[in-house]
Amino acid sequence: GYDAWLGRRALTDKDQVSSLTDWASRIIAEESDECIRTAAYELTETITAWTGRRPDNAVPADGGGCLRIGTFQGCSEVASAFSEVEMSAVQADGFRLRRAGQSIIIAGSTGRGVLYGAFALLRLIKTGERLNELDELSNPANGLRLINEWDNVDGSIERGYAGRSIFYAEGEVVPDLSRVRDYARLLASVGINGIVVNNVNVHREETLFLSERYLPRIADMANVFRAYGIRLYLSINFAAPIEMGGLATADPLEEAVRTWWKDRVKEVYKWIPDFGGFLVKADSEFRPGPFTYGRDHADGANMLAEALAPYGGIVVWRCFVYNCKQDWRDRKTDRARAAYDHFTPLDGRFRDNVVLQVKNGPMDFQVREPVSPLFGAMPHTNMLIEFQVTQEYTGQQRHLCYLVPQWKEALDFDTHARGEGSTIKKVADGSLFGRPLGGFAAVSNVGDDANWTGHPLAQANLYGYGRLAWNPELAADRIAEEWIKQTFGDHDRVIKTLLAMLMSSWSLYESYTSPLGVGWMVKPNHHYGPDVDGYEYSMWGTYHFADCYGIGVDRSVRTGTGYASQYHRPHSERFESAETTPDELLLFFHHVPYTHRLHSGKTVIQHIYDSHFEGVKGSEALAEQWEGLKGLIDHDIFEQGRSRLQEQIEHAKEWRDVINTYFWRKSGIADEHGRTIY
Ligand code: GCW
C-alpha cells in the first residue's frame, strides 16, 4: 500500500506499452524550474518502470517523437504547438496536454502547471485512456487547495488513525524527510498546492515553530514540498507574543504586539521565502484569541494579515468558534448557530489576504449535517470550505467510509444567496461573490502506517479530496473508479466490487450510527463507538434531547433556536417545518414524537430499528464482497482489509444493539418485526 495510487508496476496491456514506446522514449525538459525538473523525474521513473526502458533526453531527429514538457514562456517548441488563444486559456496552475504528430506535449504557464500536467498524463495512461487524439485543457476550479495536518511535534496526531506523525518524532522534525517527500508526491499528484504542517491546536512547544529553534528544519520541509509545487503554512498560537515573546499582552490593536508579529513574519520569510501564511484557530475550544482583549476576529486576522501582506502571505482564519462551556440545561443556546452569529457581522471587514475557513457543516464533521449557512452569508469575505478526510466521526479508518459523496452533497448545495445556482462550490472558488481568494482545505488522514491511512481503502478519501479540490464537478463514482484503477489495476471484477463497496459505504455507516441527522451519539473524547448520552449532559452543545415521547433538536424559528433562519429561502422555509425537512436531517431541525411519520412512510422509531438492523447486514455484505477479491489483489492489502471489515461488522452490531436498546427502553415502542432488542 505504500505506493498508493502512484504504484509503478509494469503495465500489462501490450498495446499500451507499445503505444508508449514512440514518444515516451525521449523526455525533453529544457527549463531549470524546480517543478519542471520534478515533472521530468516523475515521468522518467514511471515510464521506465512501466516499459522497462529508460527514456533519454536527446532531442529527436526530424520526424521522431518525444515527450516535450515546459511552459509557453520558457520553451518555444512548447509554445509553437498552441495558438495565442489556447495559451491564454491556461491559468496559473493549469495545463494543456496535446498530441502533436509523434510527440506529446505537456504545457503550462507555470512550472507547477507542468507538474500537474505530468501527473495527469500518467493518470490517463494508468486508467487506460488512449492518447491518439489527446488534447486536454485543465484549470483548477480552486486557487487554494490545502491540506491541514493535525500533527504535534512529539509525533502524535490529533484525530490521527494511521499511526504516528511522518513529520515529527520526539520533539523534532524527523531527520530523514524521504517519507515527507513521498507524501508530497501523493499530494501533488492530485493537485494540492499548500500544506499546513502543524496542528491547529498549537501547544507550548509548537508555538516556538516561529523561532530559530525550529525554523531551519521547517525550512527543510518547505524545500521538500516546494519541489512538488506545495507551499508550506504554519498554524500559530494567537498568544505567541506572550508565550514566546514575553510581552504582557497579545492584544491585536497594541502596537508592540503588531510589531512583534511583523518581526516574526520577517524571520519566517528569511528561512522560507515562499512561505504560504498562517492558519489560526482562535477563541475556539480553549485556544486564545482576540476576545480576551475585547477585540473581534477581524481585528485579530487583520493584524496578522498586515504582517504577511508585504511577502504575499495569507491568513487562514477558522470559523469553528462556539461556546464549549455551555450549560446543557440551557435550551436557548445553539452551537449550530455560533459561527454565523459570530462572523456575519464582520462581513466586509477582513483584509483581502484573509480567508475564512469554514467547516462543511455547522457542528463538527458528523456523518450527516446540513451545510453551514455561513457559505451564503458573507459576500464580502474570502472563504475556504473545510472537510475532514481523517475519519474522526466516520469510523476512524476502521470502518469503511468513502466520503466524497458527502462532500459532493455539500458542494452542490444551492445557497440561493444570489438566486438559483448559488452553489457552495461557487462560494468556495470565489466566483459567486467575485472574491480574490478561495478554495478547499481538509484535515489529512495519513500517518506512518505502511499504507499511509490505516484502512487500505481510506486512501480513496485523500485521493478524492484532491481531485475534488481541483474539479468539484467530478462525480464521486468517477473519482472512485480512477483511484481503484490506479491503485489496484484494471481487473474488471476488482473495479466493480470496490466501486460498489466505496459508493455504498457512507450511507451504510450512517445507517447503523446516529439516526436522521441528530449526530453525536459517540463515546466522549475519542469519539469511537456508541454512547447515546455520552454528550447529552455535557458542556459541548451537542444534544439530542431524547425522552420517552420523542427526540431531536428544535431549530425552527417558531418554537426553537431559530437556526433555520440562517439559510436563505427556500431552505429557511423548508427547514422550518418537519413536513418539508428531508428525512435524513429531520432530527437536526426538529424535535418529534417517535411515532412521527417520515416521508419514507416509516415512523421515526421504526426507522431507527430498521436502519440499525440493515446496517449490520450491509456490513456483512461488504465483507463478503471483499472475500470475492481474494487472489485478485495484493495479499497483504487483502488481509488488512479483511481484518478491518470483520471489526466493522462486530462494531456495527455494538452500535445496533446500543442504539436500538436505548430507544426501545426510552420509548416503550416495540419493533414491528419483533427482532431482538435488549
Ligand atoms: O473535530 C473537533 C476535534 C478536535 C479538533 C477540533 C477542530 C483540532 O474533536 O480534535 O481540534 O474539532 O477542528 O479544531
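Rules of the game
Residues numbered from 1 in each chain as written. Predicted model: local features only at pLDDT ≥ 70, side-chain atom pairs only at ≥ 80, totals over all residues. Heavy atoms only, no water. 1 Å grid on protein atoms, 1.4 Å probe; cavity = no way out; pocket = protein on both sides within 12 Å on 5 of 7 lines; lining within 4 Å. Points joined across faces, edges and corners; volume = space filled by probe spheres on them. Helix = DSSP H or I, 4+ residues; strand = E, 2+ residues; numbered from the N terminus. Nonpolar A, V, L, I, M, F, W, Y, C, P; charged D, E, K, R; others polar. UniProt positions renumbered as here; feature names shortened; annotations may be inferred. Core = buried A, V, L, I, M, F, W, Y, C linked by side-chain atoms within 4.5 Å. Buried < 20%, exposed > 50% of the residue type's maximum accessible area, 1.4 Å probe, protein only. Near = heavy atom within 4 Å. Polar contact = N/O pair within 3.5 Å; in protein donor to acceptor, adjacent residues only side chain to side chain. Pairing = 2+ DSSP bridges. Axes fitted to C-alpha atoms, helices over the stretch in contact; angles between N-to-C directions. Contact = heavy atoms within 4.5 Å.

K.L.:
Provide a residue-level description of empty space enclosed by the protein, including the pertinent values.
P.N.:
To find the voids left in a structure, one rolls a probe of water-molecule size over its atoms. Counted according to the given criterion, the structure contains eight cavities of 30 Å³ or more. Considering the residues around the largest cavity, the lining is formed by 18 residues, among which C319, F320, A339, G361 and P362 are closest to the centre. Broken down by secondary-structure element, the contributors of at least two residues to the lining of the largest cavity are helix 12 (338-343) and strand 13 (354-359). With three residues, helix 12 is the largest single contributor of residues to the lining of the largest cavity. When the residues that make up the lining of the largest cavity are grouped by side-chain class, the tally is 13 nonpolar, three polar and two charged. Space inside the second largest cavity adds up to approximately 130 Å³. W5, L6, L122, R123 and Q486 are the residues nearest the centre of the second largest cavity, which is lined by 15 residues in total. Sorting the residues of the lining of the second largest cavity by element identifies helix 2 (34-51), helix 5 (111-126) and helix 6 (178-189) as the ones contributing at least two each. With four residues, helix 5 is the single largest residue contributor to the lining of the second largest cavity. Here the lining of the second largest cavity is built from residues that sort into seven nonpolar, four polar and four charged.

K.L.:
I'd like a description of the UniProt feature "domain: Glycosyl hydrolase family 67 catalytic" (unreviewed entry) in the protein, backed by residues and values.
P.N.:
Those residues carrying the UniProt feature "domain: Glycosyl hydrolase family 67 catalytic" (unreviewed entry) are residues 125-452 in this numbering. Annotated as residues 125-452, this span is 25% helix and 15% strand, and its ends, taken at the C-alpha atoms, are 24 Å apart.

K.L.:
Outline the nonpolar core, supporting the account with residue identities and numerical values.
P.N.:
One finds L121, W261, W317 and F663 to be the most contacted residues of the largest nonpolar core, which totals 213 residues. In this structure, V78, A79, F82 and A107 belong to the second largest nonpolar core, which totals nine residues.

K.L.:
So what's going on with the site of the ligand? Which residues, and what values?
P.N.:
Lining the immediate surroundings of the ligand are 15 residues, of which E158, K281, R318, D364 and E392 lie closest. Within the contact set of the ligand, an oxygen atom lies 2.6 Å away from a side-chain nitrogen or oxygen of K281. In this structure, an oxygen atom belonging to the ligand sits 2.6 Å away from a side-chain N or O atom of K359. When its residues are assigned to classes, the shell around the ligand shows four nonpolar, three polar and eight charged.

K.L.:
Break down the sheet that holds strand 15 (residues 438-443) for me, with residues and values.
P.N.:
Pairing in this closed barrel of eight strands is parallel, and the strands run 6-9-10-11-12-13-14-15 around the ring. The sheet shows a mean angle of 25 degrees between the axes of neighbouring strands, direction not considered. As judged from the four bridges shared by strand 13 and strand 14 (residues 383-388), these two strands associate in the parallel manner. Bridged to V358 within strand 14 is I385. Those strands touched by helix 11 (residues 297-308) are strand 10 (231-236), strand 11 (277-280), strand 12 (314-318) and strand 13, and its axis lies near 155 degrees from that of strand 12. Against the sheet, helix 15 (residues 459-470) contacts strand 6 (144-148), strand 14 and strand 15, and its axis sits at roughly 155 degrees relative to strand 6.

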